[in-house]
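# Structural overview for review
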Amino acid sequence: QQAMQPMQPMKIERGTILTQPGVFGVFTMFKLRPDWNKVPAMERKGAAEEVKKLIEKHKDNVLVDLYLTRGLETNSDFFFRINAYDLAKAQTFMREFRSTTIGKNADVFETLVGVTKPLNYISKDKSPGLNAGLSSATYSGPAPRYVIVIPVKKNAEWWNMSPEERLKEMEVHTTPTLAYLVNVKRKLYHSTGLDDTDFITYFETDDLTAFNNLMLSLAQVKENKFHVRWGSPTTLGTIHSPEDVIKALAD
Ligand code: HEM
Ligand SMILES: [Ca+2]
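This report concerns the structure included in the present document. (Residues numbered from 1 in each chain as written. Chains lettered and ligands numbered in written order. Predicted model: local features only at pLDDT ≥ 70, side-chain atom pairs only at ≥ 80, totals over all residues. Heavy atoms only, no water.)

### Digging into the overall build of the protein
Counting secondary structure elements, the protein contains 9 helices and 9 strands. Against the globule reference of 18 Å for 251 residues, the protein gives a C-alpha radius of gyration of 19 Å, in line with a compact fold. Oriented by its inertia axes, the alpha-carbon framework of the protein measures out at about 60 × 40 × 35 Å. Residues counted as buried form 47% of the 251 residues belonging to the protein. Sequence separation of at least 24 residues holds for 79% of the intrachain contacts in the protein that already meet a minimum separation of 6. Within the protein, one finds 32 positive and 30 negative side-chain charges whose respective centroids are separated by 2 Å. (Helix = DSSP H or I, 4+ residues; strand = E, 2+ residues; numbered from the N terminus. Rg over C-alpha atoms; globule rule 2.2 N^0.38 Å. Buried < 20%, exposed > 50% of the residue type's maximum accessible area, 1.4 Å probe, protein only. Contact = heavy atoms within 4.5 Å. Lys, Arg positive; Asp, Glu negative; His and termini not counted. Charge placed at Lys NZ, Arg CZ, Asp CG, Glu CD.)

See the structure below:
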């Protein structure tokens, strides 16, 4: 099956790029070096403006999201999600970020690369009932304050099952999860061959208890027996503007 690669439009629009197939996602988790605190306060204070300018410079090439993990994670303080029609443009942005004041004082802890695709299983043709359920439920909670990223890899036994068998298991996956669409926003990136994982799952929520229950419901389905990676790392952070993330880290 071939996913259409959308043409890069003149301008990147958040609402568009985040719903299209054929869009690359790069997740990069960073840990600040202890030396960051020794950078003169003036320079640290200027870091937010510097990153803001860099995002502005690349705004026709990449959609940049920045999240704060300091205080919630051990191995990272912040992470980027870059969405791009052209993976090389995401690389250029991340490369230039490494030469900013804060970028020079941070180490990469993890990088995950994936691409969005049309639905493989719960499509209108293959699973009309659940597909209708997917498109009818909408997020109705408060603006999500939390982000969660979970890489997932499945074993050879899964990939060797027939498409019909996999469809059946993905229907079992979808049935208990539909109820959570009201308080969890989800996005899926496919990574097989692009990274050492098969999927990058991305969620936004304001209800972490609901998310915990959602994960527990997925722990209980047969699909879970095929997981060889389900997290490691699970990354939990908070959602802010890029400027506010850098400002929080500059204090
Ligand atoms: C709001 C709750 C959720 C809903 C409604 C949901 C629904 C779905 C649907 C419909 C698919 C199939 C996509 C397709 O047809 O290609 C899917 C795939 C997937 N979901 Fe979920 N999901 C939810 C939460 C989760 C959570 C919490 C995880 C945990 C990490 C997860 C992991 C995955 C993975 C890895 C796939 C791809 C599986 C594969 O293609 O083999 N989902 N999900
Ligand atoms: Ca990687």
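Continuing now.
### As for the coordination of the calcium ion (ligand 2)
Distances from the calcium ion (ligand 2) to its protein donors, Thr111 (O), Asp195 (OD) and Asp195 (OD), fall at 2.3 to 2.8 Å. Here Asp195 lies in the loop between β6 (184-190) and β7 (199-205) and Thr111 lies in strand β4 (residues 106-115), a separation of 84 residues in the sequence. With a relative accessible area of 35%, Thr111 lands in the partly exposed category. On the basis of relative accessibility, which here comes to 22%, the residue Asp195 falls in the partly exposed class. (Donors = N, O, S within 2.8 Å, 3.2 Å for Na, K, Ca; no water.)

### Quick look at the nonpolar core
Ranked by internal contacts, the top residues of the largest apolar core, which has 29 residues, are Phe78, Phe80, Ile82, Phe93, Phe97 and Ile102. Mapped by element, the contributors of at least two residues to this core are β1 (24-32), α2 (41-57), β2 (63-68), β3 (78-84), α3 (87-97), β4 and α9 (242-250). Considering every element that reaches this core, the biggest residue donor is α2, with 5 residues. Core analysis: the next-biggest nonpolar cluster, separate from the first, contains 13 residues, Ile148, Phe199, Met215 and Leu218 among them. (Core = buried A, V, L, I, M, F, W, Y, C linked by side-chain atoms within 4.5 Å.)

### Details of the site of ligand 1
For ligand 1, the set of nearby residues contains 21 residues, the closest of which are Asn120, Tyr121, Ile122, Lys154 and His173. For ligand 1, an oxygen atom lies 2.7 Å from a polar atom in the backbone of Asn120. At 2.8 Å from an oxygen atom of ligand 1 is found a main-chain nitrogen or oxygen belonging to Tyr121. For the shell around ligand 1, the secondary-structure elements that each account for two or more residues are β5 (146-154), α7 (163-177), β6, β7 and α8 (208-219). Tallying contributions element by element places α7 first for the shell around ligand 1, with 4 residues. Its residues placed into classes, the shell around ligand 1 shows 14 nonpolar, 5 polar and 2 charged. (Near = heavy atom within 4 Å. Polar contact = N/O pair within 3.5 Å; in protein donor to acceptor, adjacent residues only side chain to side chain. Nonpolar A, V, L, I, M, F, W, Y, C, P; charged D, E, K, R; others polar.)

### Quick look at helix α5 (residues 128-136)
Along α5, the residues that are buried comprise Leu130, Asn131 and Gly133. The buried residues of α5 occupy one face: seen down the axis, they fall within an arc of 155°. Those residues of α5 that are exposed and aimed more than 90 degrees away from the buried face are Pro128, Gly129, Ser135 and Ser136. Buried residues in α5 make contact with α7. (Arc of directions from axis to C-beta.)

### A closer look at the side chain of Ser127
Take Ser127: it is sitting in the loop between β4 and α5. Ser127 has contacts with Tyr121, Ile122, Leu167 and Glu171, leaving out every residue within four places of it along the chain.

### Considering the pattern of salt bridges
Summed over the entire model, instances satisfying the criterion amount to 16 salt bridges. In this structure, the salt-bridge partner of Glu243 is Lys52, at a minimum N-O distance of 4.0 Å. Residue Glu243 is located in helix α9, and its partner Lys52 is located in helix α2; the two are separated by 191 residues in the primary sequence. By relative accessible area, which is 24% here, Glu243 ends up partly exposed. The residue Glu96 makes a salt bridge to Lys57 at a minimum N-O spacing of 2.7 Å. A residue pair is termed long-range when its members are at least 10 positions apart, and Glu96 in helix α3 and Lys57 in helix α2 qualify at 39 residues. Judged by its relative accessible area of 56%, Lys57 is exposed. Ionic contacts of the salt-bridge type, sharing partners, join the residues Arg14, Asp65 and Arg81 into one network. (Salt bridge = Lys/Arg side-chain N within 4 Å of Asp/Glu carboxyl O.)

### Section: the packing of aromatic side chains
For the structure on display, the rule yields 14 aromatic pairs. With a centroid separation of 6.1 Å and 80° between ring planes, the pair formed by Phe30 and Phe80 is classed as edge-to-face. You can see Phe30 sitting in strand β1 and its partner Phe80 sitting in strand β3, a full 50 residues away along the chain. Residue classification places Phe30 among the buried residues on the basis of a relative accessible area of 0%. With a relative accessible area of 0%, Phe80 lands in the buried category. With 5.7 Å between their ring centres and 75° between their planes, Phe80 and Phe93 make a pair best called edge-to-face. In this pair, Phe80 is assigned in strand β3 and Phe93 in helix α3, connecting sequence segments 13 residues apart. What makes Phe93 buried here is its relative accessible area of 0%. Taken together, the ring pairs in this structure connect Phe27, Tyr67, Phe79, Tyr189 and Tyr202 into an aromatic cluster. (Phe/Tyr/Trp six-rings, centres within 6.5 Å; stacked < 30°, edge-to-face > 60°.)

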